[in-house]
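# Examination of the molecular architecture
Residue strings, one per chain:
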Amino acid sequence: MDLRILNLTEENLALAARVLRSGGLIGLPTETVYGLAADAANEAAIERIYEAKGRPKFNPLIAHVSDIEMAQREGVFRPEALALVEAHWPGPLTVVVDVAPTGTVSKLARAGLDSVALRIPAHAIPINLVETFGGPLVAPSANPSGKISPTTLDHVMQDMGDKLDLIFNGGTCAAGIESTIIDARGERPALLRPGSLNPDWIEEIWPGLIRPDLNPAAPRSPGQLLRHYAPRAELRLNANAPEPGEAYLGFGPGAATLNLSERGDLDEAAKNLFSMLRELDQNYDRIAVAPIPTHGLGEGINDRLTRAAK
Ligand code: AMP
Ligand code: MG
């Protein structure tokens, strides 16, 4: 059967909610990357997600919620954590909190942990789908585990087309790299994964951001230890110019095979990162990448590049 591609309509939301209730998998856009959504409370559906992605079961999934009340049914929020999500949701911020007694996200989705990772994406399709469905949906990125995340419908069709029951079309993702993950359980917030929410914006609401060693050898978040976001080609980082035979992924003015942002804009670079890596990966065996500033969103971009180059 051909995979059905849906636009955002009431009928399609109702159809997708029925598919989710029967344990189906749905591809959907968010503002960060495309996700693979399933009923967060349905173990059989969660099994299908780990299977479809080839994702190790020790790596827990993020659950999407549609409002803060739903988030508080799933997790326990200290006042600072609540202030943080009130300021940044909907948006590319994921918080890890203790599971609430009323929580419904399955233990399998949480990889057996007593904590749960929650967010409200800034995108009408996941918000409306969670609302229509009436409960949280797990939604990891819609790519095989360890590979480059998808930022367009085409990427998802190539990577996961045969594993999905339905997919919503949302064009190209606006942010382009995954959410920023904060451990919000302690007295101070801790950065578990830099991502498309600038970490400086966390500080404004809840100061004292701890930056645990983000070194993949000593992960605080189970998913962060892996070689990830990886192209087939070999990557060489912080390269000021290509060597013979290399493609050059540029940043800022100057000659390049593809340029993340000619005007040196980190938002634009984040948006282009995964699709340009995919494009170069199809045509070259070696890719040299220009130095990317490490402040603001540059932290998330450099994190992805470092893991991709492992
Ligand atoms: P993805 O679904 O591919 O965006 O990856 C989700 C990320 O969230 C992974 O790095 C997970 O390890 C992390 N994560 C999910 N749940 C938790 C949790 N309870 N504690 C710490 N990290 C988590
Ligand atoms: Mg992912």
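Below: a short report on this structure. The shown structure was predicted, so the numbers you read here are calculated from the model rather than taken from an experiment. (Residues numbered from 1 in each chain as written. Chains lettered and ligands numbered in written order. Predicted model: local features only at pLDDT ≥ 70, side-chain atom pairs only at ≥ 80, totals over all residues. Heavy atoms only, no water.)

## Considering the overall build of the protein chain
Quick reminder of the rule: Here a strand is any run of E in DSSP of at least two residues, a helix any run of H or I of at least four, and the numbering for each starts at the N terminus. Both definitions apply: the radius of gyration is a C-alpha atom measure, and the globule rule equals 2.2 Å times residues to the power 0.38. With a 1.4 Å probe rolled over the protein chains alone, any residue whose accessible area is under 20% of its type maximum counts as buried; one over 50% counts as exposed, and the rest are partly exposed. Any two residues whose heavy atoms approach within 4.5 Å are treated as being in contact.
A tally of helices and strands in the protein chain yields 9 helices and 15 strands. Taken over the C-alpha trace, the protein chain has a radius of gyration of 19 Å; the compact-globule value for 310 residues is 19 Å, and the two agree within 12%. Expressed along its principal axes, the backbone C-alpha trace of the protein chain runs to roughly 55 × 50 × 30 Å. Out of the 310 residues in the protein chain, the part that is buried amounts to 58%. By sequence separation, contacts in the protein chain at least 24 residues apart represent 68% of the contacts at least 6 residues apart.

## Focus on the sheet that holds strand 14 (residues 258-259)
We apply this condition: Strand pairing is assigned whenever DSSP detects at least two bridges linking the two strands.
Read from one edge of the open sheet, 4 strands run 12-15-13-14, paired in parallel fashion. One side of each edge strand has no neighbouring strand; the edge strands of this open sheet are strand 12 (234-236) and strand 14. As paired strands, strand 13 (residues 247-250) and strand 15 (residues 286-289) are joined by 3 bridges and run parallel to one another. Across the sheet, the residue bridging to L249 is V289, located in strand 15.

## Focus on the pattern of salt bridges
To keep things clear, this is the line we draw: Salt bridge criterion: a side-chain nitrogen from Lys or Arg within 4 Å of a carboxyl oxygen from Asp or Glu.
One pass over the structure, following the stated rule, counts 18 salt bridges. D165 is paired through a salt bridge with R48; the nearest N and O atoms lie 3.3 Å apart. Pair noted here: D165 is in the loop between helix 6 (153-160) and strand 9 (166-168) and R48 is in helix 2 (residues 43-53), with a separation of 117 residues, a long-range link. Put simply, R78 and E80 hold a salt bridge, and the shortest N to O gap is 3.2 Å. What makes R78 partly exposed here is its relative accessible area of 26%. Each of E178, D303, R304 and R307 takes part in one network of salt bridges that share partners.

## Quick notes on the packing of helix 1 (residues 10-21) against helix 5 (residues 124-133)
Our working rule: Note on geometry: axes are lines fitted to C-alpha atoms, helical ones only across the stretch in contact, with angles between N-to-C directions running from 0 to 180 degrees. Should the near helix be turned anticlockwise from the far one by less than a right angle, the crossing is left-handed, and should it be turned clockwise, the crossing is right-handed.
The interhelical angle for the contact between helix 1 and helix 5, taken along N-to-C directions, is 65°, at an axis separation of 9 Å. Where helix 1 crosses over helix 5, the handedness of that crossing is right-handed. Seen from helix 1, the contacting residues are L13, A14, A16, A17, L20 and R21; seen from helix 5, they are I125, N128, L129, T132 and F133.

## Section: the side chain of S141
Heads up, the condition is: For the purposes of these results, a polar contact is taken to be a pair of N or O atoms within 3.5 Å, where, inside protein, one atom must be able to donate a hydrogen and its partner to accept one; residues adjacent in sequence count only when each atom of the pair is a side-chain atom.
When you line up the elements, S141 lands in the loop between strand 8 (137-138) and helix 6. Side-chain polar atoms of S141 contact the side chain of N143, separated by 2.6 Å. In this view, S141 contacts V33, Y34, G35, L36, K53, S149 and P150; residues no more than four positions away in its chain are not counted.

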